[in-house]
Amino acid sequence: MLPETTRVGYVLKMYPRFSETFVVTELLSMQRLGVDLEVFSLRYPVDGRFHPSLAEMRAPVTYLKHGGLRAADVWAALGAARAAVPEVDAHLDELLAAEVGDAVQALELAVAVRERGITHLHAHFASVATTVARLAALLTGITYSVTAHAKDIFHEEVDPADLRRKVADARAVVTVSDYNLAHLRAELGPDAGRVRRVYNGLDLRGFPYADPGDRPPVVAAVGRLVEKKGFADLLEAVAVLVGSGRKVEVELVGAGPLADDLRARRDRLGLADVVHLRGPLPQDEVSRVVAGAACFAAPCVVGADGNRDGLPTVLLEAMALGTPVVSTPVTGIPEVVHDDATGLLVPERDPQALAVALGRLLDDALLRRRLAAAARELVETEFDTTRQAARVAETFA
């Protein structure tokens with residue numbers, strides 16, 4: 001239990017964000033645990049679609065000023081912060097070293113921290129959200145923590161010195177897989193000594209298990225249409241299946257910059273009647289698609305820019321719903337997809353192997369049932385959101 005005086009400000013780059021269901025799940029779990037929360041978003045949402053679970057959120061949300069800054073805005077932010085947080089003067093060097101927009105948001109956040117009695121800040125992603133949270137914590141003398149995910153630690157644009165500073169200054173750092181934990185320890189050495197692994201959690205009430213034995217020959221796939229998801233390999237694998245005379249359909253849910261490329265590839269492979277590009281769907285519709293499929297494909301790859309998934313939440317959702325999964329041994333995925341035990345693993349960028357694995361699941365109802373039952377047991381044991389949120393909350397006290 002946290003002390004009654006604990007008041008936590010969550011700092012997020014964008015809230016709500018349609019693709020970041022894990023953030024809303026964690027916030028709702030914190031709310032049920034009785035954590036006193038506020039949310040601070042650095043950007044306004046750019047998508048008008050929101051998941052129904054947002055209606056349950058009671059925490060107030062503040063959008064910090066972003067974009068269109070004039071010199072007068074910068075001076076006004078500094079003046080307001082000096083009045084509420086006199087310690088600002090002692091940290092001008094840190095503010096001057098930051099991007100102007102980040103510094104202004106940190107000043108605004110510092111004022112909110114002081115005026116609203118916030119005692120701790122927690123940022124998701126070790127990128128701009130942590131930049132602002134760290135500066136605001138420094139200005140106000142409170143603590144901060146961060147959850148590191150994937151792009152924020154693996155992408156080629158990550159500045160190792162900046163990441164080291166953020167990790168070293170944090171009260172605690174959470175990351176979402178053992179793979180990430182080992183990477184941070186290898187990259188940062190002793191500075192990563194306080195990093196701990198806490199998997200993202202699922203609210204299992206929203207993911208009821210169903211036996212996959214009698215499902216139609218449908219492959220589900222869900223995610224942003226970006227390189228690291230490996231959906232180009234999925235289309236090639238499906239072409240192999242169709243070429244062998246197999247009856248199969250694919251429900252591909254998501255939006256992203258590669259939408260046109262994937263549509264063109266699908267059509268070039270003659271799969272227009274087989275692969276259905278559904279665009280983004282709300283959580284309940286995603287669950288319906290996944291729960292109705294014979295198997296779920298997550299053929300993740302390491303992108304050319306180093307970007308990769310940490311541990312896709314939708315993979316866990318499929319496992320919870322009883323849909324057997326095929327994935328690749330990228331980052332933390334083998335921690336949950338144990339080959340031939342809780343799912344099937346194939347090498348990344350290998351459409352032929354992916355086709356073979358999908359074919360096994362489409363053909364063998366007993367295999368589907370065995371893998372799905374073991375996967376659900378693992379998710380119940382390791383990924384319950386209440387338990388995982390409580391572990392994150394331990395870093396706030």
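The following refers to the structure shown.

Here is what the cut-offs are and how they apply
- Residues numbered from 1 in each chain as written.
- Predicted model: local features only at pLDDT ≥ 70, side-chain atom pairs only at ≥ 80, totals over all residues.
- Heavy atoms only, no water.
- Helix = DSSP H or I, 4+ residues; strand = E, 2+ residues; numbered from the N terminus.
- Rg over C-alpha atoms; globule rule 2.2 N^0.38 Å.
- Contact = heavy atoms within 4.5 Å.
- Areas by Shrake-Rupley, 256 points an atom, 1.4 Å probe, with all protein chains shown as cover.
- Lys, Arg positive; Asp, Glu negative; His and termini not counted.
- Charge placed at Lys NZ, Arg CZ, Asp CG, Glu CD.
- Axes fitted to C-alpha atoms, helices over the stretch in contact; angles between N-to-C directions.
- Parallel < 35°, antiparallel > 145°, perpendicular 65-115°, else oblique.
- Nonpolar A, V, L, I, M, F, W, Y, C, P; charged D, E, K, R; others polar.
- Expected span 1.5 Å × (residues − 1).
- Buried < 20%, exposed > 50% of the residue type's maximum accessible area, 1.4 Å probe, protein only.
- Arc of directions from axis to C-beta.
- Polar contact = N/O pair within 3.5 Å; in protein donor to acceptor, adjacent residues only side chain to side chain.
- Disulfide = S-S within 2.5 Å.
- Pairing = 2+ DSSP bridges.
- Core = buried A, V, L, I, M, F, W, Y, C linked by side-chain atoms within 4.5 Å.

Quick look at the overall build of the protein
In terms of helices and strands, the protein carries 15 helices and 13 strands. Its C-alpha radius of gyration of 22 Å places the protein within 12% of the 21 Å reference for a compact globule of 397 residues. Contacts in the protein between residues at least 24 apart in sequence constitute 74% of all its contacts with a sequence separation of at least 6. By element, 53% of the accessible surface of the protein is carried by carbon and sulfur atoms, the whole surface being about 16500 Å². Taken as two groups, the 44 positive and 54 negative side-chain charges of the protein have centres that lie 2 Å from each other.

A look at the packing of helix H7 (residues 160-169) against helix H8 (residues 178-188)
At a minimum axis separation of 11 Å, H7 and H8 run at an interaxial angle of 105°. Between H7 and H8, the angle is such that the two are roughly perpendicular. Contacts between H7 and H8 involve Pro160, Leu163, Arg164 and Val167 from the first element and Leu184, Glu187 and Leu188 from the second. Of the residues contributing to the contact of H7 with H8, the split by class is 5 nonpolar, no polar and 2 charged.

Some details on helix H14 (residues 365-382)
Under the 1.5 Å per step criterion, the end-to-end length of H14 is 26 Å for 18 residues, consistent within 8% with the ideal 26 Å. Within H14, the full set of buried residues consists of Leu367, Arg368, Leu371, Ala372, Ala375, Arg376, Leu378 and Val379. Looking straight down H14, one finds that the buried residues subtend no more than 165° of arc, so they occupy a single side. Exposed residues pointing more than 90 degrees away from the buried face of H14 are listed as Leu366 and Glu377. For H14, the secondary structure elements touched by its buried residues are helix H12 (313-321), strand S13 (344-345) and helix H13 (351-363). Of the residues flanking the start of H14, the one acting as N-cap is Asp364, its side-chain oxygen 3.1 Å from the backbone nitrogen of Leu366.

Thoughts on the state of the cysteines
By the definition in use, this model includes 0 disulfides. With no disulfide of its own, Cys300 has Cys295 as its nearest cysteine by sulfur position, at a separation of 15 Å.

Quick notes on the sheet that holds strand S3 (residues 61-63)
Strands sit in the order S3-S2-S1-S4-S5-S6-S7 across an open sheet of 7 strands; the sheet is parallel. Bordering the open sheet on either side are S3 and strand S7 (195-197), each of which pairs with just one other strand. Here the strands of the sheet are splayed against their neighbours by 25° on average, with no regard to which way each runs. Across 5 bridges, strand S4 (residues 120-124) lies against strand S5 (residues 143-148) in parallel orientation. By the bridge assignment for S5, Leu121 is matched with Tyr144.

Some remarks on the nonpolar core
Ranked by size, the top nonpolar core spans 48 residues in total, and within it Val11, Val88, Leu107, Leu109 and Leu121 carry the most contacts. Per-element tally for this core: the top contributor is helix H4 (residues 100-116), with 9 residues. Among residues more than four places away in sequence, those in contact with Leu121 are Gly9, Val11, Leu109, Val113, Ala133, Ala136, Ala137, Ile142, Thr143, Tyr144 and Ser145. Counting 33 residues, the second-largest nonpolar core is a separate cluster that includes Leu204, Cys300, Leu316 and Val325.

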